[in-house]
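A structural walkthrough
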Amino acid sequence: QVQLVESGGGLVQPGGSLRLSCAASGSIFSINTMGWHRQAPGKQRELVASITGGGSRNYADAVKGRFTISRDNAKNTVFLQMTGLKPEDTAVYYCKLRTSVYYDYWGQGTQVTVSS
């Protein structure tokens, strides 16, 4: 089994910054990608950003230029640096790990609230 533990969510004012972390542990044999999704109330879960083991990054259009994803392969940890936060970024953010056989593990989610 694989466990994903997220941290770093919270309340921030518009224009502020937050850094999310997600550490994977357990029976990790081969990771394809790690990334972040988010789900706002009444909306479907959507991709925010993902990164492969080789460092290739993919971002949702809504966060390009504001969010940066990075990864520490040695520690099986993925980070999401969020800057220029907007109220529409308010959501529960979920970490996802996809294995080399395309099985997905999810974290429990961390709340990000952007409000004045």
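Residues numbered from 1 in each chain as written. Predicted model: local features only at pLDDT ≥ 70, side-chain atom pairs only at ≥ 80, totals over all residues. Heavy atoms only, no water.

Observations concerning the overall build of the protein
- For the protein, the helix and strand inventory stands at zero helices and eleven strands.
- Secondary structure of the protein in N-to-C order comes out as β-β-β-β-β-β-β-β-β-β-β.
- At 13 Å, the protein has a C-alpha radius of gyration in line with the 13 Å of a compact globule built from 116 residues.
- In terms of its C-alpha atoms, the protein occupies a principal-axis envelope of roughly 45 × 25 × 25 Å.
- Counting every atom, the protein has about 6100 Å² of accessible surface; 48% of that belongs to carbon and sulfur. (Helix = DSSP H or I, 4+ residues; strand = E, 2+ residues; numbered from the N terminus. Rg over C-alpha atoms; globule rule 2.2 N^0.38 Å. Areas by Shrake-Rupley, 256 points an atom, 1.4 Å probe, with all protein chains shown as cover.)

Focus on the packing of aromatic side chains
- Applying the stated rule across the entire model yields one aromatic pair.
- Pairing Tyr103 with Tyr105 gives two aromatic rings, centres 4.9 Å apart and planes at 65 degrees, and the pair type is edge-to-face.
- Its relative accessible area of 18% is what places Tyr105 among the buried residues.
- The residue whose ring lies beneath Arg45 is Tyr94, and the NZ or CZ to ring-centre distance is 3.7 Å.
- Over the ring of Trp106 we find Arg45, and its NZ or CZ is 4.6 Å from the ring centre. (Phe/Tyr/Trp six-rings, centres within 6.5 Å; stacked < 30°, edge-to-face > 60°. Buried < 20%, exposed > 50% of the residue type's maximum accessible area, 1.4 Å probe, protein only. Lys NZ or Arg CZ within 6 Å of the ring centre and 35° of its normal.)

Notes on the state of the cysteines
- For the coordinates displayed, the defined rule picks out one disulfide.
- Across a sulfur-sulfur distance of 2.1 Å, Cys22 and Cys95 are joined as a disulfide pair. Handedness of the Cys22-Cys95 disulfide follows from its S-S torsion of about -80 degrees: it is left-handed. Of the two residues, Cys22 is situated in strand β3 (residues 18-26) and Cys95 in strand β9 (residues 91-99); the sequence distance between them amounts to 73 residues.
- Residue Cys22 is classed as buried on the basis of its relative accessible area, which comes to 0%. (Disulfide = S-S within 2.5 Å.)

Brief notes about the nonpolar core
- One finds Trp36, Leu80, Met82 and Tyr93 to be the most contacted residues of the largest nonpolar core, which totals 29 residues.
- At the level of secondary structure, the elements contributing two or more residues to this core comprise β1 (2-7), β3, β4 (31-39), β5 (46-52), β7 (67-72), β8 (77-82), β9 and β11 (110-114).
- With near-sequence residues (within four places) excluded, Tyr93 lies in contact with Glu6, Leu20, Trp36, His37, Arg38, Val48, Phe67, Leu80, Met82, Gly109, Thr110 and Val112. (Core = buried A, V, L, I, M, F, W, Y, C linked by side-chain atoms within 4.5 Å. Contact = heavy atoms within 4.5 Å.)

Quick look at the pairing of β9
- Most of β9 sits out of view: seven of its nine residues are buried.
- Across eight bridges, β4 lies against β9 in antiparallel orientation. Residue pairing across strands places Gly35 opposite Lys96, the latter belonging to β9.
- Strand direction decides the pairing type here: β9 and β11, joined by three bridges, are antiparallel. By the bridge assignment, Tyr93 is partnered in β11 with Thr110.
- Pairing geometry for β9 and strand β10 (residues 104-106), over three bridges, is antiparallel. (Pairing = 2+ DSSP bridges.)

Description of the sheet that holds β1
- With respect to topology, four strands assemble into an open sheet ordered β1-β3-β8-β7, the strand pairing being antiparallel. Whereas interior strands pair on both sides, the edge strands pair on one side only; in this sheet they are β1 and β7. Mean inter-strand twist for the sheet, computed between neighbouring axes without regard to direction, equals 15 degrees.
- Strand direction decides the pairing type here: β3 and β8, joined by six bridges, are antiparallel. (Axes fitted to C-alpha atoms, helices over the stretch in contact; angles between N-to-C directions.)

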